[in-house]
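Observations on chain architecture
Listed below are the residues making up each chain.
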Amino acid sequence: MRAPLADLTLALALVLTAGAASAQPAPPVGVVRIAPEPVTETVSFVGRIEAIERVNLVARVNGFLEERAFREGQEVQKEDLLFIIERAPYLAAVDAAKATLASAEAAKVNADAQLARAEELLRTRDTSPAVRDQRKAEAEMAAAQVLEAQAALTRAEINLGYTLIRAPVAGRIGRAAVSPGNVVGPDTGPLALLVGQDPMYVTFPVSQRVFLGLDREARRNAERRPRVRLRFQDGSHYDQVGQIDFVDVTVAQGTDTVTVRARIANPDRRLIDGQFVSVAIEGPEPEQRVVIPQSAMMLDQQGAYVFVVEDGRAAIKRLRLGQPLEGGRIVVEQGLTDGEMLIVDGLQRVRPGQPVQGVPAAPRPARGG
């Protein structure tokens, strides 16, 4: 009798234990209610910063380089003096040209006087027309020699001006390629590079598919052009907004892309010529979109999914994702609707179909984008 009684006691204990287990409350999970919010549509690309003004400074006359009048890497203003080439030979050439001009002008005065005398003698028949014609030709030749001497003086003054190399634009000057004491000339090559600083260009390739979409949007909102924002490689955002000012006229056959260029201010000189940046083109108007924290999202072989609370149980929702946003969030194109309760905390305890108790999730600090 003891064995049957022991079995009955064990069975009763198992029933009571199972009943106690089934009576345990559903585990709590942190939830947030899905509510669309305004999101500005953006499309991202990789771009390169380009200086609007970029000048290679070269010597236009031959001579010893006497002085470098700048500090490498400094900013200079338009017409600032940068290099001085030996001036003495060119000053002498100007003086010589002035002397030649003075001689030519004196010869012209004499020729004009001889012509006037011949004209007077011709009227009194004291000379022949042939003599008058000779004096006229000599006067015209003297006038031509004056013009030639004036041109030579202008050329000498221009060459003298080339001995002072000034900044043709405002910008930052790079490293000098030649030090004072060297002979420089037109064949020497660039003496230094001068790069404009504000504003700058950013150029980036856009695929035809994306370009056509942007073009349609621009036609619908002709009065509001898309804004261009930049992000540096360390993840920080640039505080100036650019505007597209040029779209190339051809498609690159190798990549099937169109080169687009935007103009953007650079008051703090954070943009550097040749720098790589992330480029985001923002749509003209924000739209209401479903946005979720990326920490609530999981992935498997079928793609992205989340858990929501439906009728007190955890249910899987498959997602089609859109653009990522700052603060560790992402846009959901399809899969969630307004009012659904998204599970964001306690996901490690959740299984599909499991009873859960949704409680409001604690607010989380946004992460930098």
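Definitions and cut-offs
Residues numbered from 1 in each chain as written. Predicted model: local features only at pLDDT ≥ 70, side-chain atom pairs only at ≥ 80, totals over all residues. Heavy atoms only, no water. Helix = DSSP H or I, 4+ residues; strand = E, 2+ residues; numbered from the N terminus. Buried < 20%, exposed > 50% of the residue type's maximum accessible area, 1.4 Å probe, protein only. Polar contact = N/O pair within 3.5 Å; in protein donor to acceptor, adjacent residues only side chain to side chain. Contact = heavy atoms within 4.5 Å. Pairing = 2+ DSSP bridges. Axes fitted to C-alpha atoms, helices over the stretch in contact; angles between N-to-C directions. Core = buried A, V, L, I, M, F, W, Y, C linked by side-chain atoms within 4.5 Å. Phe/Tyr/Trp six-rings, centres within 6.5 Å; stacked < 30°, edge-to-face > 60°. Lys NZ or Arg CZ within 6 Å of the ring centre and 35° of its normal. Expected span 1.5 Å × (residues − 1). Salt bridge = Lys/Arg side-chain N within 4 Å of Asp/Glu carboxyl O. Parallel < 35°, antiparallel > 145°, perpendicular 65-115°, else oblique. Left-handed = near helix turned anticlockwise from the far one by under 90°. Nonpolar A, V, L, I, M, F, W, Y, C, P; charged D, E, K, R; others polar.

**Details of the side chain of Thr-203**
When you line up the elements, Thr-203 lands in strand 12 (residues 200-207). With a relative accessible area of 15%, Thr-203 lands in the buried category. One polar contact links Thr-203 to Glu-50, side chain to side chain, over a distance of 3.2 Å. Dropping the residues within four chain positions of it, Thr-203 is found in contact with Gly-47, Arg-48, Glu-50, Thr-259, Val-260 and Arg-261.

**Focus: unusual backbone geometry**
With an omega dihedral of 0°, the bond running from Asp-198 to Pro-199 counts as a cis peptide bond. Positive phi is not limited to glycine here, since Asp-256 has a value of about 60°. Along the chain, the position of Asp-256 falls in the loop between strand 14 (242-247) and strand 15 (257-264). Its identity as a non-glycine residue notwithstanding, Asp-311 has a phi of 55°, on the positive side. Residue placement: Asp-311 occurs in the loop between strand 19 (303-310) and strand 20 (313-318). Judged by relative accessible area, which is 81%, Asp-311 ranks as exposed.

**Here's the deal with the sheet that holds strand 17 (residues 287-293)**
Backbone hydrogen bonds are what pair the strands of a sheet, in a parallel or an antiparallel way. Taken together, 4 strands build an open sheet; the order of strands is 2-17-22-21 and the sheet is antiparallel. Edge strands, defined here as strands with exactly one partner in the open sheet, are strand 2 (37-39) and strand 21 (320-325). Across this sheet, the average inter-strand angle for adjacent strands is 55°, counted without regard to direction. With 4 bridges connecting them, strand 21 and strand 22 (residues 329-334) associate as antiparallel partners. Bridging from a neighbouring strand, Pro-324 pairs with Ile-330 of strand 22.

**Regarding the nonpolar core**
The biggest cluster of nonpolar side chains holds 29 residues, and the ones touching the most others in it are Leu-82, Phe-83 and Ile-173. Only strand 7 (81-85), helix 2 (88-123), helix 3 (129-162) and strand 11 (192-195) provide two or more residues apiece to this core. Each residue touching Ile-173, except ones within four places of it in the same chain, is listed here: Leu-57, Phe-70, Arg-71, Glu-72, Gly-73, Gln-74, Val-76, Leu-82, Ala-192, Leu-193 and Leu-194.

**Things to note about the packing of aromatic side chains**
All chains considered together, the criterion is met by 4 aromatic pairs. Centre to centre, the rings of Phe-232 and Tyr-238 are 5.8 Å apart; their planes meet at 75°, and the pair counts as edge-to-face. Residues Phe-232 and Tyr-238 agree in their burial class; the two are buried. Their ring planes at 85° and their centres at 6.0 Å tell us that Tyr-305 and Phe-307 sit as a pair that is edge-to-face. Exposure class is identical for Tyr-305 and Phe-307. Each is buried. Between Arg-68 and the ring centre of Phe-70, over which it is positioned, the NZ or CZ distance is 5.5 Å.

**As for helix 3**
The first and last C-alpha atoms of helix 3 sit 50 Å apart over 34 residues, in line with the 50 Å expected at 1.5 Å per residue. Of all the positions in helix 3, only Ala-139, Ala-142, Val-146, Ala-149, Leu-153, Ala-156 and Leu-160 are classed as buried.

**Structural notes on the side chain of Thr-257**
Within the secondary structure, Thr-257 sits in strand 15. A relative accessible area of 15% means that Thr-257 is categorised as buried. Side-chain polar atoms of Thr-257 contact the side chain of Thr-255, separated by 2.7 Å. Those residues in contact with Thr-257 that lie beyond four places of it in its chain are Pro-205, Val-206, Ser-207, Thr-250, Val-251 and Ala-252.

**So, the environment of Glu-120**
Inspection of the secondary structure assignment puts Glu-120 in helix 2. Between the C-alpha atoms of Glu-120 and Arg-132, which are 12 residues apart in sequence, the distance is 9.3 Å.

**Some remarks on the pattern of salt bridges**
In the structure shown here, the tally under the stated rule is 13 salt bridges. Among the ionic pairs, Asp-198 bridges to Arg-269, the shortest N-O distance being 4.0 Å. With a gap of 71 residues between them, Asp-198 in the loop between strand 11 and strand 12 and Arg-269 in the loop between strand 15 and strand 16 (276-282) connect regions that are remote in the sequence. For Asp-198, a relative accessible area of 41% puts it in the partly exposed group. Arg-269 gets classed as partly exposed once you look at its relative accessible area, which sits at 26%. A cluster of three or more residues bridged by salt bridges with shared partners is formed by Glu-75, Arg-172, Asp-198 and Arg-269.

**Looking at helix 2**
Here helix 2 spans 53 Å end to end across 36 residues, near enough to the 52 Å set by a 1.5 Å rise per residue. Of all the positions in helix 2, only Tyr-90, Val-94, Ala-97, Leu-101, Ala-104, Ala-111, Leu-115 and Ala-118 are classed as buried. Elements in contact with the buried residues of helix 2: helix 3. Trailing helix 2 by a residue or two, Arg-125 shows a phi angle of about 65°, which is positive.

**Concerning the packing of helix 2 against helix 3**
Relative orientation of the contacting elements helix 2 and helix 3 amounts to 165°, with a least axis distance of 8 Å. The orientation of helix 2 relative to helix 3 falls into the category roughly antiparallel. Like other packed secondary-structure pairs, helix 2 and helix 3 cross with a definite hand, here left-handed. A per-class count over the contact of helix 2 with helix 3 returns 22 nonpolar, 5 polar and 10 charged.

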